[in-house]
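# Report on the structure
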Amino acid sequence: MQSAEQRLPSRRTARDLTLLIALTLTIHVPFIGQAFHLDDVYYLDVARNVFRNPLFPLDLQSVFEGKHLTLWAHSHPPLNSYLIAALLPVTNRRPSENFLHACFLVFPVLIAVAFYFLARQFVTMPLLATALLVTNPILMVCAHTLMTDVPHLAMWLSGTALFVIGMENDRSKMIYTSVIPLTAACFYAYQGLGAILLLAFFALSRKRLRSREILILCLPVLILAAWQFSGYVHRGTVYMSAMFGELGRRGWWQPALKLKAAITTFSYLGAIVVPFPFVFCRTLRRPKGLLIYIALALGTLAAYFERSDYSWLQQVFLVACVSGGIALVGWTLRCLTTASSITKLSSDDLFLCLWLAGMLIACVTVFLGGSARYLLPACPAVLLLFLRAYERQNGSPSRAFYGSWLAAQLVLGLSLAQADYQFAGVARREAYEFQRGYVPNHQPFLFSGEWGFRYYMISVGGEIMAEDTTGSPGEPVVKSRLSLGRPYDFDRFLEPLERRSYRIRSPLRLLDVHAHAGFWSDGWGVLPFWFSREALDEISIYRVKLQ
């Protein structure tokens with residue numbers, strides 16, 4: 001039987017996990033009815049192709065922004081689509097928003113559980129650390145989509161927790177089991193390879209990088225390489241080669257894009273990873289106040305590069321966000337390096353620093369543009385570093401400080417999630433209203449636009465336009481301004497019929513060129529969010545001219 005000392009930690013763990021799971025479900029269940037959104041449509045396309053081509057579901061011709069291409073060049077391996085395909089038979093292969101989003105709730109729950117056990121290895125308050133991650137606005141918004149970001153983080157944290165705890169407690173079964181989520185992380189997103197390198201460093205720092213650990217860490221890489229080779233055998237081109245070719249065609253390495261991605265990354269760090277008021281509260285104390293002035297100077301420089309069309313309020317907000325992100329990174333790293341001599345810096349600190357630095361570098365260099373969701377794998381490292389630095393300076397956490405932080409980001413996260421819920425619903429409303437007004441008998445029509453607009457227009461019988469599209473006389477055509485509806489040479493044969501504006505109740509904007517809000521993509525702006533009462537989208541309805 002367990003002693004009283006043994007039962008107490010078990011009860012505390014059970015209590016903490018119960019609270020975290022309840023919190024996670026409470027903040028996500030209200031949003032399971034969200035319309036399919038953004039890149040959801042592409043994962044659904046690949047999922048439906050699994051039934052036609054189960055071995056090579058990415059071997060699928062498509063049209064993106066008017067160009068014919070193959071999803072062979074998709075930026076993610078197909079594990080997410082395989083999961084969706086496994087769920088589709090439950091609803092007779094007709095995607096259901098409620099069912100799929102409800103099933104995907106397993107991933108934020110898994111994040112809460114895995115991070116709680118991982119945080120116990122690094123900080124004294126794992127419940128607080130996990131609550132801050134669970135209520136992070138980026139996670140709260142991304143968890144209501146079918147994209148890979150949240151499942152990838154769940155697999156990353158599960159594999160890392162199993163490997164780290166197994167090594168610290170010499171539990172071979174946990175170390176061996178870690179290969180499953182680590183492999184899954186690599187097949188959700190190529191960034192999963194970063195977890196392999198991090199854990200190799202962790203094992204090396206413990207002087208335990210032996211044949212067993214090498215085998216476990218190499219196995220996901222070998223499986224991913226075998227899958228890449230299968231693609232070469234099938235089509236003569238590996239998936240990653242096609243992906244980088246497509247990125248190159250779109251100007252991946254342009255210096256202006258990299259600079260914008262850097263501004264976006266630090267802007268989102270200081271706005272929605274750790275909100276800048278709480279960063280400033282820490283950095284303005286003692287001699288560390290110098291750090292905030294340096295950060296403000298760099299933030300002002302960033303606003304100078306992005307000053308066109310931004311109001312003075314937007315510029316001030318951008319300066320605060322970028323400065324907060326720079327100060328956050330600088331403060332956590334400086335506290336760690338000045339707490340003791342560099343020779344005494346613990347391997348845990350170096351592990352977390354490497355985790356954070358690697359993710360920030362990837363956000364700036366690897367991706368085509370900036371997006372808040374790309375920062376998700378960095379959030380656990382940021383929180384653990386922040387808490388460790390604070391514990392070193394102040395001992396026990398301040399209830400007022402962390403309580404305010406938790407409440408503030410919970411309010412912000414719910415507000416952003418609600419705004420995104422309404423944003424996603426616009427595409428569904430546009431499609432059904434267009435169908436009632438112009439194609440009530442399901443006659444064919446053409447449309448131009450991506451994301452949820454694409455999914456719902458196809459669901460009511462539309463055909464996406466490409467650069468070489470020709471329509472039939474009298475055929476309706478509809479384009480979405482927000483969802484990348486493009487002009488074509490074919491437009492000269494179109495007769496304008498109507499323009500419809502669509503608004504949402506929330507004043508918050510996550511993606512809006514007028515508000516310069518680019519939570520999902522910096523192509524619309526570098527602000528993580530902003531406020532506007534303008535129409536969110538406008539659709540233009542045409543008819544092919546009669547001859």
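The notes below deal with the structure included here. (Residues numbered from 1 in each chain as written. Predicted model: local features only at pLDDT ≥ 70, side-chain atom pairs only at ≥ 80, totals over all residues. Heavy atoms only, no water.)

### Details of the overall build of the protein chain
Within the protein chain, the regular secondary structure consists of 21 helices and 11 strands. Across its three principal axes, the protein chain shows a C-alpha extent of roughly 85 × 55 × 45 Å. Here the contacts in the protein chain between residues at least 6 apart in sequence split such that 78% fall between residues at least 24 apart. When the accessible surface of the protein chain is totalled, it reaches about 22,700 Å², and 62% of it is carbon and sulfur. Taken as two groups, the 49 positive and 35 negative side-chain charges of the protein chain have centres that lie 10 Å from each other. (Helix = DSSP H or I, 4+ residues; strand = E, 2+ residues; numbered from the N terminus. Contact = heavy atoms within 4.5 Å. Areas by Shrake-Rupley, 256 points an atom, 1.4 Å probe, with all protein chains shown as cover. Lys, Arg positive; Asp, Glu negative; His and termini not counted. Charge placed at Lys NZ, Arg CZ, Asp CG, Glu CD.)

### Examining unusual backbone geometry
One non-glycine residue with positive phi stands out, namely N92, at about 55°. By secondary structure assignment, the location of N92 is in the loop between helix 3 (79-87) and helix 4 (97-103). For N92, a relative accessible area of 67% corresponds to the exposed category. Positive phi outside glycine occurs at L484, with the angle close to 70°. (Buried < 20%, exposed > 50% of the residue type's maximum accessible area, 1.4 Å probe, protein only.)

### A look at the packing of aromatic side chains
Inspection of the entire model under this criterion finds 38 aromatic pairs. Taking 5.6 Å as the distance between ring centres and 80° as the angle between the ring planes, the aromatic pair formed by Y116 and F117 counts as edge-to-face. Directly above the ring of F51 sits R93, whose terminal nitrogen or CZ lies 3.9 Å from the centroid. Stacked on the ring of W72, the Lys or Arg R235 has its end atom at 5.1 Å from the ring centre. (Phe/Tyr/Trp six-rings, centres within 6.5 Å; stacked < 30°, edge-to-face > 60°. Lys NZ or Arg CZ within 6 Å of the ring centre and 35° of its normal.)

### Thoughts on the side chain of T145
For T145, the position within the fold is in the loop between helix 7 (137-142) and helix 8 (149-168). A polar contact is formed between the side chain of T145 and the backbone oxygen of C142, at a distance of 3.0 Å. Within the structure, the side chain of T145 is placed 3.2 Å from the backbone nitrogen of M147, a separation counted as a polar contact. Sequence-distant contacts of T145, defined by excluding residues within four places in its chain, comprise Q34, D40, H101, F104 and W520. (Polar contact = N/O pair within 3.5 Å; in protein donor to acceptor, adjacent residues only side chain to side chain.)

### A word on the nonpolar core
I138, L157, I272, W355 and W520 are the most contacted members of the largest nonpolar core, which totals 173 residues. Per element, the largest residue contribution to this core is 13 residues, and it comes from helix 20 (residues 399-438). (Core = buried A, V, L, I, M, F, W, Y, C linked by side-chain atoms within 4.5 Å.)

### What to know about the sheet that holds strand 4 (residues 462-464)
The five strands are arranged 4-3-5-11-6 in an open sheet whose pairing can be described as mixed. The sheet is open, and its two edges are formed by strand 4 and strand 6 (494-502), each paired on a single side. For this sheet the average axis-to-axis angle between neighbouring strands, irrespective of direction, equals 25°. Across the sheet, helix 20 touches strand 3 (445-448), strand 5 (476-480), strand 6 and strand 11 (537-544), and the angle it forms with strand 6 is around 135°. Against the sheet, helix 21 (residues 451-459) contacts strand 3, strand 4, strand 5 and strand 11, and its axis sits at roughly 175° relative to strand 3. (Pairing = 2+ DSSP bridges. Axes fitted to C-alpha atoms, helices over the stretch in contact; angles between N-to-C directions.)

### Digging into the pattern of salt bridges
The tally for this structure, following the rule as stated, stands at 19 salt bridges. A salt bridge links D59 to R235; the nearest nitrogen and oxygen atoms lie 3.1 Å apart. Placement of the pair is D59 in the loop between helix 2 (40-50) and strand 1 (61-64) and R235 in helix 12 (residues 211-235), with a sequence separation of 176 residues. Since its relative accessible area comes to 35%, R235 is described here as partly exposed. With a shortest N-O distance of 3.1 Å, D170 and R208 are connected by a salt bridge. (Salt bridge = Lys/Arg side-chain N within 4 Å of Asp/Glu carboxyl O.)

### Examining the side chain of D522
Examined against the element boundaries, D522 turns out to sit in the loop between strand 9 (517-518) and strand 10 (530-531). One polar contact links the side chain of D522 to the main-chain amide nitrogen of G370, over a distance of 2.8 Å. Not counting residues up to four positions away in its chain, the partners in contact with D522 are K260, A261, T264, G369 and G370.

### Some thoughts on helix 18 (residues 347-365)
Given 3.6 residues per turn, any residue in an α-helix points the same way as the ones three and four places further on. Taking 1.5 Å of rise per residue, 19 residues should cover 27 Å, and helix 18 covers 26 Å from first to last C-alpha, within 8% of that figure. Those residues of helix 18 that fall on the buried side of the exposure criterion are D348, D349, F351, L352, C353, W355, L356, M359, L360, A362, C363 and V364. (Expected span 1.5 Å × (residues − 1).)

### Focus: the environment of M457
You can see M457 is positioned in helix 21. Using a relative accessible area of 0% as the deciding quantity, one classes M457 as buried. Apart from residues lying up to four places away in sequence, M457 is in contact with E430, A431, F434, F445, F447, G462 and V478.

### Some details on empty space enclosed by the protein
Considering all chains together, one arrives at seven cavities of 30 Å³ or more under this definition. Forming the walls of the largest cavity are H37, F423, A424, V426, A427, E430, W451, G452, F453, L482, S483 and D537. Among the elements of the structure, helix 20 and helix 21 are those that each provide at least two residues to the lining of the largest cavity. Residue contributions to the lining of the largest cavity peak at five residues, all from helix 20. Estimates place the volume of the second largest cavity at around 50 Å³. For the second largest cavity, the full set of lining residues is H76, T148, D149, H152, A189, Q191, R373, Y374 and P377. (1 Å grid on protein atoms, 1.4 Å probe; cavity = no way out; pocket = protein on both sides within 12 Å on 5 of 7 lines; lining within 4 Å. Points joined across faces, edges and corners; volume = space filled by probe spheres on them.)

### Quick notes on a nonpolar patch on the surface
On the surface, a cluster of nonpolar side chains totalling about 900 Å² of accessible area is made up of L259, L290, Y293, I294, L296, L298, L301, Y304 and F305. Examining the composition of the nonpolar patch, we find that eight residues originate from one element, helix 16 (residues 289-305), more than from any other. Its location among the elements puts L259 in helix 14 (residues 255-273). (Patch = residues over 30% accessible without salt bridge, like charges linked within 9 Å, V, L, I, M, F, W, Y side chains within 5 Å.)

### Examining the state of the cysteines
Counting across every chain of the model gives zero disulfides. The thiol of C218 is unpaired, and the distance to the nearest cysteine sulfur, on C186, comes to 11 Å. (Disulfide = S-S within 2.5 Å.)

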